[in-house]
Amino acid sequence: VLEKIIKAEKLETVSHLAASISHEVRNPLTITRGFVQLLSDEDTSKNSRERYIGIALEELDRATEIINDYLTFARPVLEKKEKINVLDEIVHTVKIIIPFANMNGVNVRFPLINNANIFVIGERKKFQQCLINILKNGVESMQKGGELEIDLTSLHPYIQINIRDEGKGMTQEQINRLGEPYFTTKEKGTGLGMMVSYSIIRGMEGEIDVESQEGKGTCFSIKLPIVHSQIG
Ligand code: ADP
Ligand code: MG
């Protein structure tokens, strides 16, 4: 319970982060602009040109990463809350993540429950962003490939989405810091993905639990209140 309270407090700061995140995006753009300007100088040697292009591309990638983790789906613009078919959204996001998974030698397993229509309340794009951030972390945790499994458990009146990887897992210290803005263990991480996911699920009156073992893997469980379900 204490851990949950602490997490909730961390999330209080989320709304204040939008400004700092646009700053984070603006930074690499400013750097890129500077180097492109240097490139247009005829006196710049071929060696320097190559170096500047490398830096500019890296900075642009950085900006893209931040936008991918934070803004593409979870636009700060207010979307309307609606009834969301959980299975439809999972299928959609799994399709988005498969090429990235394959590229990393990861096989995505999604045993489909046929004809199960389970509805929750939320903003569709944000829910997709939340799933993508977690799926992406799962893929990235498996440097040597492996399996990423998504399944559903019904715990009426809740639906639980489990996203399980066979990756490197986390230490207790890392688990405690999950969702903290800018906490990352990756060389090019943004440390924004989990913060965004926690914030979205909290907005849907749900919960995210995590179980992780170093060297074995991690399972994220998203629990959401069902508003309507229909089987068959
Ligand atoms: P980023 O992916 O940019 O590092 P996130 O907020 O998405 O930022 O994740 C924060 C950190 O949480 C990661 O750097 C990683 O250390 C840890 N993490 C998240 N998901 C997993 C996972 N499935 N397996 C192992 N570590 C994870
Ligand atoms: Mg991430």
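Above: the structure in question.
Residues numbered from 1 in each chain as written. Chains lettered and ligands numbered in written order. Predicted model: local features only at pLDDT ≥ 70, side-chain atom pairs only at ≥ 80, totals over all residues. Heavy atoms only, no water.

J.: Teacher, can you tell me more about the site of ligand 1 here?
T.: The local shell around ligand 1 holds 21 residues, among which D165, T184, T185, K186 and T190 are the closest. With respect to ligand 1, the side chain of K186 contributes an N or O atom lying 2.7 Å from an oxygen atom. In the model, an oxygen atom of ligand 1 is placed 3.0 Å from a nitrogen or oxygen of the G191 main chain. Secondary-structure elements contributing two or more residues to the shell around ligand 1 are helix 5 (124–141), helix 7 (193–203) and strand 7 (217–225). If you tally residues by element for the shell around ligand 1, the top one is helix 5, at four residues. Of the residues assigned to the shell around ligand 1, the class counts are six nonpolar, 11 polar and four charged. (Near = heavy atom within 4 Å. Polar contact = N/O pair within 3.5 Å; in protein donor to acceptor, adjacent residues only side chain to side chain. Helix = DSSP H or I, 4+ residues; strand = E, 2+ residues; numbered from the N terminus. Nonpolar A, V, L, I, M, F, W, Y, C, P; charged D, E, K, R; others polar.)

J.: When you look at a nonpolar patch on the surface in this model, what are you seeing that I'm missing?
T.: Taken together, the side chains of L29, I53, L57 and L60 make up a nonpolar region of the molecular surface, amounting to roughly 330 Å² of accessible area. Of all the elements, helix 3 (residues 46–70) adds the most residues to the nonpolar patch, at three residues. Positionally, L60 belongs in helix 3. (Patch = residues over 30% accessible without salt bridge, like charges linked within 9 Å, V, L, I, M, F, W, Y side chains within 5 Å. Areas by Shrake-Rupley, 256 points an atom, 1.4 Å probe, with all protein chains shown as cover. Salt bridge = Lys/Arg side-chain N within 4 Å of Asp/Glu carboxyl O.)

J.: Honestly, the nonpolar core in this entry has me stumped. Any pointers?
T.: Nonpolar side chains tend to gather and get buried jointly when the protein is soluble and globular. Core analysis: the biggest nonpolar cluster contains 47 residues, and I90, I150, I161, I163, I222 and L224 have the highest contact counts within it. The residues contacting L224, other than those within four sequence positions of it, are V120, F127, P157, Y158, I159, I161, I201, M204 and G206. (Core = buried A, V, L, I, M, F, W, Y, C linked by side-chain atoms within 4.5 Å. Buried < 20%, exposed > 50% of the residue type's maximum accessible area, 1.4 Å probe, protein only. Contact = heavy atoms within 4.5 Å.)

The values reported here are purely geometric and, on their own, carry no functional implication.
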